[in-house]
Amino acid sequence: MILVIDKSRREASAHADMFYYMGILSLGVCPEDAFSEIGIEYRGVLVVCPELIPDFKSYVKKLRQYSGKTPIFALTKNKSEEIESTFDCVLDFDVQSSTF
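Attention here is on the structure that accompanies the text. (Residues numbered from 1 in each chain as written. Predicted model: local features only at pLDDT ≥ 70, side-chain atom pairs only at ≥ 80, totals over all residues. Heavy atoms only, no water.)

1. Observations concerning the pattern of salt bridges
Here is step 1: A full pass over the atoms with the stated rule returns 2 salt bridges.
Here is step 2: As a salt-bridge pair, arginine 9 and aspartate 33 come within 2.5 Å of each other at their nearest N and O atoms. One end of the pair, arginine 9, is in helix α1 (residues 9-21); the other, aspartate 33, is in helix α2 (residues 31-37), with 24 residues separating them in the sequence.
Here is step 3: A salt bridge links arginine 64 to aspartate 88; the shortest N-O distance between them is 3.3 Å. (Salt bridge = Lys/Arg side-chain N within 4 Å of Asp/Glu carboxyl O. Helix = DSSP H or I, 4+ residues; strand = E, 2+ residues; numbered from the N terminus.)

See below:
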């Protein structure tokens with residue numbers, strides 16, 4: 001199961017639906033709800049546009065405390081060294097859903 005985090009609850013659900021149509025269980029939440037949702041049932045966390053989250057480095061650090069060894073991925077238009085050093089994998093926003 002994949003946890004999708006986006007500033008917009010609607011967009012988070014849309015990204016989660018993309019996985020659902022490919023047969024992958026997922027749930028979309030906004031950043032403030034992620035900590036109460038995350039658990040051992042998730043095998044991956046996707047943060048969409050992390051640069052929109054204030055102090056995203058601290059946010060991801062705290063998310064790692066809750067998620068254990070679950071990999072955390074970023075989907076962004078603005079790749080930077082700061083983003084790449086924070087996440088396990090950074091994907092370009094233009095990637096096709098089947099490739100992702």
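That covers the picture; the talk isn't over yet.
2. Observations regarding helix α3 (residues 56-67)
Because each turn of an α-helix spans 3.6 residues, side chains separated by three or four positions in sequence point in the same direction.
Here is step 1: Relative to the 16 Å expected for 12 residues at 1.5 Å per residue, α3 spans 16 Å between its end C-alpha atoms, a close match to the ideal helical length.
Here is step 2: What α3 keeps buried is the set Phe56, Tyr59, Val60, Leu63 and Ser67. One side of α3 carries all its buried residues, which in axial view fall inside an arc of 95°. Looking at α3, the residues exposed on the side facing more than 90 degrees away from the buried face are Lys61 and Gln65.
Here is step 3: For α3, the elements touching its buried residues are β1 (2-5), α2, β3 (44-48), β4 (72-76) and α4 (81-86).
Here is step 4: Downstream of α3 by one or two residues, glycine 68 has phi in the positive range, about 70°. (Expected span 1.5 Å × (residues − 1). Buried < 20%, exposed > 50% of the residue type's maximum accessible area, 1.4 Å probe, protein only. Arc of directions from axis to C-beta. Contact = heavy atoms within 4.5 Å.)

3. Brief notes about the packing of aromatic side chains
Each aromatic ring pair is described using two quantities: the centre-to-centre distance and the angle formed by the ring planes.
Here is step 1: Tallied over the entire structure, the rule returns 4 aromatic pairs.
Here is step 2: Each ring, one from tyrosine 20 and one from tyrosine 21, has its centre 5.7 Å from the other, and the planes form 70°; the classification is edge-to-face. Tyrosine 21 shares its class with tyrosine 20; the two are exposed.
Here is step 3: Look at phenylalanine 56 and phenylalanine 87: their rings are 6.3 Å apart centre to centre, the planes differ by 15°, and that puts the pair in the stacked class. Within this pair, whereas phenylalanine 56 is found in helix α3, its partner phenylalanine 87 is found in the loop between α4 and β5 (89-92), the two being separated by 31 residues in sequence. Across this residue pair, the class does not change: phenylalanine 56 and phenylalanine 87 are buried.
Here is step 4: One aromatic cluster is present, built from ring pairs that chain together Phe35, Tyr59 and Tyr66.
Here is step 5: Across the ring face of phenylalanine 35, the terminal group of lysine 62 is positioned such that the distance to the ring centre comes to 4.8 Å.
Here is step 6: The ring of phenylalanine 93 carries lysine 77 above its face, with NZ or CZ at 5.2 Å from the centroid. (Phe/Tyr/Trp six-rings, centres within 6.5 Å; stacked < 30°, edge-to-face > 60°. Lys NZ or Arg CZ within 6 Å of the ring centre and 35° of its normal.)

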